[in-house]
Amino acid sequence: SSGSQISGFYFFYKDTSASMTERFYRMPLALTLPRYEKTYTGSLAGNLLQSGNDLNQVAVSGQGGVMTEINFPDLTMLEDKVINQAEIVFFREMIENYSYDTYPTPSNLGLYYRTNNGILVPILDRQLLRNPDFTSVVNNFIGGNELTDDEGNVFYRPRFSVHLQRMIDGEVPATIYLRVIPVDRDASRVILGGPEAPVRPETIKVIFTEIGG
């Protein structure tokens with residue numbers, strides 16, 4: 001009635017419990033778990049995967065593609081501090097003979113972590129909002145949406161303030177993952193500058209309140 005389009009599978013069956021009326025069950029595609037098989041042989045993403053820990057460039061792609069692992073080996077400098085805001089900034093890398101017009105970049109990148117059972121879930125900042133939709137209010141708080149600076153450079157700025165506090169307190173692993181969201185149906189991809197990129201490297205900004213004496 002709202003005019004929105006709905007995609008999915010419709011399963012028709014006879015209702016044998018009453019008047020043999022034909023009924024149907026609709027399964028939306030958004031609830032279907034996808035299974036993708038990819039090959040990165042000969043690609044820049046494939047080279048980055050083979051090189052192990054890369055500090056110059058990182059790759060992310062949607063639909064079950066590549067994600068980037070971010071490790072925090074030493075957080076002792078932030079002990080006895082209350083995290084007010086924490087954010088990571090990634091700038092899009094311009095790649096020779098690669099067109100972002102042909103292969104669009106993600107509109108949003110999100111941060112995830114693994115639970116004790118190894119399940120990949122959104123960071124605590126997003127979980128605490130209890131809002132499954134990527135509304136403008138949520139994006140402004142969480143960050144991660146595609147932005148452009150005054151010089152026209154595209155960048156992403158996901159925030160992990162609550163989650164960083166939990167990492168410092170040892171409640172969650174000191175490793176997070178950068179992914180394209182939504183993870184199931186967005187096929188976009190992007191190459192980002194790492195922490196040792198020669199131009200516009202990845203940076204982390206933390207605003208905190210120091211406590212104790």
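Right, let's walk through the structure included here.

## As for the overall build of the protein
Looking only at helices and strands, the protein has four helices and twelve strands in total. Burial status across the protein gives 38% buried among its 213 residues. Contacts in the protein between residues far apart in sequence, at least 24 positions, make up 67% of those at least 6 positions apart. Split by element, the accessible area of the protein, about 13,600 Å² in all, is 50% carbon and sulfur.

## Thoughts on the environment of leucine 147
Along the polypeptide, leucine 147 turns up in strand E8 (residues 146–148). For leucine 147 and serine 107, which are 40 residues apart along the polypeptide, the C-alpha to C-alpha distance reads 8.8 Å. When residues no more than four places from it in sequence are discounted, the contact partners of leucine 147 are Asn153, Val154, Phe155 and Arg157.

## Looking at unusual backbone geometry
Backbone torsion omega between isoleucine 181 and proline 182 reads 0 degrees, so that peptide bond is classified as cis. Among the structural elements, proline 182 can be located in the loop between strand E10 (175–180) and strand E11 (189–193). Phi at aspartate 80 takes a positive value of approximately 60 degrees, unusual for a residue other than glycine. Inspection of the secondary structure puts aspartate 80 in the loop between strand E4 (68–71) and strand E5 (81–91). According to the relative accessible area criterion, aspartate 80 is exposed, its value standing at 57%.

## Some details on the sheet that holds strand E6 (residues 109–114)
A sheet is described by the order of its strands in space; here four strands give the open sequence E4-E10-E6-E7, paired in antiparallel fashion. With partners counted over all chains shown, the strands left at the sheet margins are E4 and strand E7 (120–122), one partner each. Taken over all neighbouring pairs, the strand axes of this sheet differ in orientation by 40 degrees on average, direction set aside. The pairing of E4 with E10 spans four bridges and is antiparallel. The residue of E10 that forms the bridge with threonine 68 is leucine 178.

## Focus: helix H4 (residues 161–168)
Burial analysis of H4 places six of its eight residues in the buried class, the great majority of the element. Along H4, the positions that sit buried rather than exposed are Ser161, His163, Leu164, Gln165, Met167 and Ile168. Buried positions along H4 lie against E5, E6, helix H2 (124–129), E10 and strand E12 (203–210). Phi turns positive, to about 80 degrees, at glycine 170, one or two residues after H4.

## Focus on the packing of aromatic side chains
Per the stated rule, a full pass over the model turns up four aromatic pairs. The interplanar angle of 40 degrees and the centroid separation of 5.3 Å between the aromatic rings of phenylalanine 91 and phenylalanine 155 together place this pair among those described as tilted. Linking phenylalanine 91 in strand E5 with phenylalanine 155 in strand E9 (residues 154–156), this pair joins segments that are 64 residues apart in sequence. Across the pair, phenylalanine 155 and phenylalanine 91 agree in class, each one buried. Judged by centre distance (5.5 Å) and plane angle (25 degrees), the ring pair of tyrosine 98 and tyrosine 103 falls under stacked. Residue tyrosine 98 is classed as partly exposed on the basis of its relative accessible area of 26%. We classify tyrosine 103 as partly exposed; its relative accessible area is 38%. Among the aromatic residues, those joined into a cluster by ring pairs are Tyr98, Tyr100 and Tyr103.

Conventions we followed
Residues numbered from 1 in each chain as written. Predicted model: local features only at pLDDT ≥ 70, side-chain atom pairs only at ≥ 80, totals over all residues. Heavy atoms only, no water. Helix = DSSP H or I, 4+ residues; strand = E, 2+ residues; numbered from the N terminus. Buried < 20%, exposed > 50% of the residue type's maximum accessible area, 1.4 Å probe, protein only. Contact = heavy atoms within 4.5 Å. Areas by Shrake-Rupley, 256 points an atom, 1.4 Å probe, with all protein chains shown as cover. Pairing = 2+ DSSP bridges. Axes fitted to C-alpha atoms, helices over the stretch in contact; angles between N-to-C directions. Phe/Tyr/Trp six-rings, centres within 6.5 Å; stacked < 30°, edge-to-face > 60°.

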